Amino acid sequence: MPIRELNDGDDLRLNEVFADATTPAGHMARSLFRPSSDSPLIRSVIAEVVPDVPVGAAAIAESPLHPYRAWVHVEVAAEEQGHGQGRELFEAVCAETRGTALEGLDLRARVQAGSAGEGFAQALGFTPLTTTRVIKVPAGALPPAGGGRAEDLEIVATGSVKLTKAFLAWYTAVNRDDAVGPLTIGQVNNAFLSEAAGAHGAALLNGAAGTAEAGGLSAFAVSYAREADETAGVLPSAGEPGAEAAAGDGTAVVDHVDEEPPTELILGSMFETRDDAADVTGEEFAAAVADAELLLARLSVDADVVIEVTSGMPVVSALADRLLEAGTATELYRYETLSGPPSDAN
């Protein structure tokens, strides 16, 4: 099968042969299909049965905030799947990384749970790394509670130093399975909390479950602006090419266009920065879940809210489980992030 470098305009040809993506994250994944470049560092190839008639493509891209792995995305037209083209594309794009900073890096792919893409990744030797759920909480579904704790709630600017330091500690902790590189306060602000990143507002909640390192801060939330006419949104919670998109990746997503689009939130618990965060039996863990629920309740009074929950977030995961079991929230999407061998091993 003829495979060549991907050129300008090939992304449009691919969109003509691929079926519509079934998730917003799938749309974002295709943004990696762009010509190879050194800034950002990306290598991409395309397969054609005849000139200008592509059947699939593959890309490997740097991951600036998580530099110890590179994103990989492979996609083949539905009618061509199952004939080995995907593996050929994968091997070809891996070969393109030789002599670059991508060579030797472990790979990372995010796929829709239970999809053909997950099976393909596993056939290539990829193994589970993290699970991501995107859940929606309807407006008013969580009546505010907390015994009049208005004094514990603080609305802050997204550029707040306290918020930025807390976000850095939290983000580093909940990504233990996919370690982040050394980050400065400025990098965190630019990637997650700036106007360019879409950050719209932020709230802090102090509580008994707060950490001393965070000055008693127990939970925080950051909201992200979204235009009403967008067909899909992805929270900039990774600051990567294509909004950290790969193999069906999406950080936090919304499902469709509503008259009143949901508020997209990053919800974090500072308890998740503790070494014993996985111990779900203690009173402090229960208090941390209650604080996260209180903050979510207060921010979802007047608007539907969409949050992302990963397996690296024990507190917010416990809250999500409770809301889903009670029927208070619905799961929109579930993704599996898988880790694979270095590109030069293929």
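Residues numbered from 1 in each chain as written. Predicted model: local features only at pLDDT ≥ 70, side-chain atom pairs only at ≥ 80, totals over all residues. Heavy atoms only, no water.

(A) Spatial organisation of the side chain of Thr328. Mapped onto the elements, Thr328 comes out in the loop between helix H8 (314-326) and strand E13 (330-340). Those residues in contact with Thr328 that lie beyond four places of it in its chain are Lys136, Val137, Pro138, Ala141, Leu142 and Leu323. (Helix = DSSP H or I, 4+ residues; strand = E, 2+ residues; numbered from the N terminus. Contact = heavy atoms within 4.5 Å.)

(B) Looking closely at a nonpolar patch on the surface. Among the surface-exposed residues, Val49, Val50 and Val53 lie close enough to one another that they form a single nonpolar patch of about 220 Å² accessible area. For Val53, the location among the structural elements is in strand E4 (residues 53-61). Looking at Val53, the relative accessible area reads 36%, which means it is partly exposed. (Patch = residues over 30% accessible without salt bridge, like charges linked within 9 Å, V, L, I, M, F, W, Y side chains within 5 Å. Areas by Shrake-Rupley, 256 points an atom, 1.4 Å probe, with all protein chains shown as cover. Salt bridge = Lys/Arg side-chain N within 4 Å of Asp/Glu carboxyl O. Buried < 20%, exposed > 50% of the residue type's maximum accessible area, 1.4 Å probe, protein only.)

(C) Looking closely at the confidence of the model for the protein chain. Of all residues in the protein chain, 88% have pLDDT values of 70 or greater, and the mean over the chain is 87. Low confidence marks residues 228-258, where pLDDT is under 50. Its contacts with residues over four positions away, or in another chain, come to 120 contacts. (pLDDT = per-residue confidence, 0-100.)

(D) Local environment of the packing of aromatic side chains. Counted according to the given criterion, the structure contains 10 aromatic pairs. Look at Phe167 and Tyr171: their rings are 6.2 Å apart centre to centre, the planes differ by 20 degrees, and that puts the pair in the stacked class. Taken as a pair, Phe167 and Tyr171 lie in helix H5 (residues 161-174) at a separation of 4 residues, close to a single helical turn. Considering the side-chain rings of Phe167 and Phe192, the 4.7 Å spacing of their centres and the 35 degrees angle between planes classify their relative orientation as tilted. Pair noted here: Phe167 is in helix H5 and Phe192 is in helix H6 (residues 185-193), with a separation of 25 residues, a long-range link. Chaining the aromatic ring pairs together yields one cluster made of Phe167, Trp170, Tyr171, Phe192 and Phe220. (Phe/Tyr/Trp six-rings, centres within 6.5 Å; stacked < 30°, edge-to-face > 60°.)

(E) Examining the nonpolar core more closely. Among the nonpolar cores identified, the biggest contains 55 residues, and Phe167, Trp170, Phe192, Phe220, Val222, Leu296 and Ile307 are the most heavily contacted of them. Setting aside chain neighbours within four positions, we find Val222 in contact with Leu163, Phe167, Leu193, Ala199, Gly201, Ala202, Glu264, Leu265 and Ile266. By size, the runner-up hydrophobic cluster in this structure holds 24 residues, among which are Val74, Val76, Val93 and Leu338. (Core = buried A, V, L, I, M, F, W, Y, C linked by side-chain atoms within 4.5 Å.)

(F) Representation of the packing of H5 against H6. The geometry of H5 relative to H6 is characterised by a closest axis approach of 10 Å and an angle of 85 degrees between their N-to-C directions. Comparing the axis directions of H5 and H6 gives the class roughly perpendicular. The residues of H6 that touch H5, namely those facing Leu163, Thr164, Lys165, Phe167, Leu168 and Tyr171, are Ile185, Val188, Asn189, Phe192 and Leu193. In the contact of H5 with H6, the residues fall into 8 nonpolar, 2 polar and 1 charged. (Axes fitted to C-alpha atoms, helices over the stretch in contact; angles between N-to-C directions. Parallel < 35°, antiparallel > 145°, perpendicular 65-115°, else oblique. Nonpolar A, V, L, I, M, F, W, Y, C, P; charged D, E, K, R; others polar.)

(G) Local environment of the side chain of Ser160. Along the polypeptide, Ser160 turns up in the loop between strand E8 (153-156) and H5. Residue classification places Ser160 among the buried residues on the basis of a relative accessible area of 16%.

(H) Spotlight on the packing of helix H7 (residues 283-299) against H8. As a packed pair, H7 and H8 sit with axes 9 Å apart at the nearest point and diverge in direction by 65 degrees. In terms of their interaxial angle, H7 and H8 are classed as roughly perpendicular. Considering only the axes of H7 and H8, their crossing is right-handed. Every residue of H8 that contacts H7 at Phe285, Ala288, Val289, Ala292, Glu293 and Leu296 is listed here: Pro314, Val315, Ala318, Leu319, Arg322 and Leu323. Of the residues that constitute the contact of H7 with H8, the class distribution is 10 nonpolar, no polar and 2 charged. (Left-handed = near helix turned anticlockwise from the far one by under 90°.)

(I) Structural context of unusual backbone geometry. Of note, the bond from Ser39 into Pro40 is cis; its omega dihedral lies within 30 degrees of zero at 0 degrees. The residue Pro40 is located in the loop between strand E2 (37-38) and strand E3 (41-50) in this model. One non-glycine residue, Asp52, adopts positive backbone phi at about 70 degrees. Mapped onto the elements, Asp52 comes out in the loop between E3 and E4. Under the relative-accessibility criterion, Asp52 is labelled partly exposed at 49%.

(J) The environment of Glu154, seen in detail. Considering the arrangement of structural elements, one finds Glu154 in strand E8. Looking at Glu154, the relative accessible area reads 38%, which means it is partly exposed. When the C-alpha atoms of Glu154 and Leu205 are compared, they prove to be 6.4 Å apart, with 51 residues separating the residues in sequence. Apart from residues lying up to four places away in sequence, Glu154 is in contact with Lys162, Ala202, Ala203 and Leu204.

(K) Inspection of the pairing of E3 at higher detail. With 8 of 10 residues buried, E3 lies mostly within the body of the structure. By the bridge criterion, 3 bridges tie strand E1 (residues 3-5) to E3 in an arrangement that is antiparallel. Paired with Arg4 across the bridge in E3 is Ile46. Here E2 runs beside E3; their pairing, made up of 2 bridges, is antiparallel. By the bridge assignment for E3, Asp38 is matched with Leu41. Hairpin connection between E2 and E3: a loop of 2 residues separates the two successive antiparallel strands. Of the pairings in the sheet, the one linking E3 to E4 comprises 8 bridges and is antiparallel in character. Its bridge partner lying in E4, Val45 is registered against Ala58. (Pairing = 2+ DSSP bridges.)

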